[in-house]
Amino acid sequence: MREFKFAARLNSFRVGAENYWKFKNGKATTFDLIERAATVPGLNAVDLNYPDHLDGHTEAEVVERLAGSGVALNGYAMRYYTDPSFKIGAFTNPDPVVRRKAIGLTRKGIDSMRKAGGQTMTLWLGQDGFDYSFQVDYKAVWEMEVEAIREVASHDPGVEVSLEYKPNEPRSFALLPDVATTLLAIREADRPNLGVTLDFAHVLYAEEMPAYAAMLAARHSRLLGVHLNDSYGKRDDGLMVGAVHIQQTIELLYALDSLGYDGLLYFDTFPDISGLDPVAECAANIDSVLAMKTIVERLRRAPALSHAIATQNSVASQKIVQAALFAP
């Protein structure tokens, strides 16, 4: 089984800024966050939110700061929530001027990421959706969404563009709420550099099994990103990895190994909600995943598991998994 590489949500490291950066009155810059993230043992990379994290910084400065920090740039994640005009849609805004602004911002983000040395642009289109019956023309907004995805993917074919789906929030219904709908959009957009980012908590409250969603994404498109966290399945809790769904997380890691996934594992967790030490929280996530990796390797050495799965013998498979979990 390959060695894992880890990335983390950069904004997590704002927790306790008023104490950690007292000499700056708690006003942490993007570079401050990078330096704090780099103190986590075993953390390999970060993603930058665009345009937020580039505010006041050039791509050359980002490259220089990352080189000195010991962590690499995985890619960018587009953020549309800082512009109030995108509240009722970014790629699906009814105002064509606002829609073009969202597409143009995304193209600029791709160019910026290229300059900074990133490879994967993640699109979470949370503003594209609806809240009421008779609010939108479903056919029209779907076509706008697909056309915009196609346009931004075509902007630089050498860059990976990954769609991160989520059932809702901030809209009551997202246009891309689950893996199947996301794959439909990718098929219609028809660009080879498109793919899927799975967020564990999003998958859970889409009422999907993470390992099954990963298989579908890899079979019908490409699995370009995996965000690990945990939740109780009702919302995007952003809990620490394995806090609730240990077996489902292990099964996902088992599936990723089977699929040959070689990307980063990104911790999209929210230590800020509970005021946790973000460095300790991230380090604990790494330790948890490495412990689960050991369990996956044990399961790979258990040939009876393959037979139990092939025959859908849940009693036998659970005995094998439990033995691997609780082995001394």
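Above this note sits the structure.
Everything in this summary refers to the structure shown in the same document. (Residues numbered from 1 in each chain as written. Predicted model: local features only at pLDDT ≥ 70, side-chain atom pairs only at ≥ 80, totals over all residues. Heavy atoms only, no water.)

### A few points about the sheet that holds strand β3 (residues 72–78)
Reading around the circumference, β1-β2-β3-β4-β6-β8-β9-β10 is the order of the eight strands in this closed barrel, with parallel pairing throughout. Between one strand axis and the next, the sheet turns by 30 degrees as a mean value, whatever way the strands run. Relative to strand β6 (residues 160–164), strand β4 (residues 120–123) runs parallel, the two sharing four bridges. Considered in β6, the bridge of Thr122 is made with Ser162. (Pairing = 2+ DSSP bridges. Helix = DSSP H or I, 4+ residues; strand = E, 2+ residues; numbered from the N terminus. Axes fitted to C-alpha atoms, helices over the stretch in contact; angles between N-to-C directions.)

### A word on the pairing of β3
Counting buried positions along β3 yields five of seven residues, so the element is predominantly enclosed. Direction of pairing for strand β2 (residues 45–50) relative to β3: parallel, over a ladder of six bridges. The residue of β3 that forms the bridge with Asn49 is Ala77. With helix α4 (residues 96–116) bridging β3 and the parallel β4, this β-α-β connection has right-handed handedness. (Buried < 20%, exposed > 50% of the residue type's maximum accessible area, 1.4 Å probe, protein only. Right-handed = clockwise from strand over helix to strand, strands pointing away.)

### Considerations on unusual backbone geometry
Across the junction of Tyr50 and Pro51, the peptide omega takes the value 10 degrees, indicating a cis bond. With respect to the helices, strands and loops of the structure, Pro51 is situated in the loop between β2 and α3 (59–69). The peptide bond linking Glu169 to Pro170 adopts the cis configuration, its omega dihedral lying at 10 degrees. A positive phi angle is found at Gln312, which is not glycine, with a value near 55 degrees.

### Things to note about the environment of Lys5
Here Lys5 lies in the segment before β1 (6–8). Here Lys5 is in contact with Asn44, Leu264 and Leu265, once residues within four sequence places are set aside. (Contact = heavy atoms within 4.5 Å.)

### Some details on the packing of helix α12 (residues 303–310) against helix α13 (residues 314–326)
Between α12 and α13, the shortest axis-to-axis distance is 8 Å and the interhelical angle comes to 150 degrees. When the axis of α12 is compared with that of α13, the two are roughly antiparallel. For the element pair α12 and α13, the recorded crossing hand is left-handed. Taking contact as the criterion, the partners of Ala304, Leu305 and Ala308 in α12 are, on α13, Ala316, Ser317, Ile320 and Val321. Within the contact of α12 with α13, the residues separate by chemical class into six nonpolar, one polar and no charged. (Parallel < 35°, antiparallel > 145°, perpendicular 65-115°, else oblique. Left-handed = near helix turned anticlockwise from the far one by under 90°. Nonpolar A, V, L, I, M, F, W, Y, C, P; charged D, E, K, R; others polar.)

### Points about the side chain of Glu281
Along the chain, Glu281 turns up in helix α11 (residues 278–300). Sequence-distant contacts of Glu281, that is, excluding residues within four places in its chain, are made with Met240, Thr269, Phe270, Pro271 and Leu276.

### Concerning the packing of aromatic side chains
Inspection of every chain in the model, using the stated rule, returns eight aromatic pairs. A connected cluster of aromatic rings, assembled from ring pairs, spans Phe4, Phe6 and Phe267. When the ring centre of Tyr20 is taken as origin, the NZ or CZ atom of Arg36, which lies over that ring, is 3.9 Å away. Stacked on the ring of Tyr254, the Lys or Arg Arg300 has its end atom at 3.8 Å from the ring centre. (Phe/Tyr/Trp six-rings, centres within 6.5 Å; stacked < 30°, edge-to-face > 60°. Lys NZ or Arg CZ within 6 Å of the ring centre and 35° of its normal.)

### Regarding α11
With 23 residues, α11 extends 33 Å between its outermost C-alpha atoms, agreeing within 8% with the 33 Å of an ideal straight helix rising 1.5 Å per residue. N-capping of α11 is provided by Asp277, with a side-chain oxygen placed 3.0 Å from the backbone N of Val279. (Expected span 1.5 Å × (residues − 1). Polar contact = N/O pair within 3.5 Å; in protein donor to acceptor, adjacent residues only side chain to side chain.)

### Focus on α4
Taking 1.5 Å as the rise per residue, α4 with 21 residues should run 30 Å; its terminal C-alpha atoms sit 30 Å apart, in good agreement. Among the residues of α4, those classed as buried are Val98, Arg99, Ala102, Ile103, Leu105, Thr106, Gly109, Ile110, Ser112, Met113 and Ala116. The inward-facing, buried residues of α4 abut β2, α3, β3, β4, α5 (138–155) and β6. Note on α4: the residue one or two positions beyond its end, Gly117, has a positive phi of about 95 degrees.

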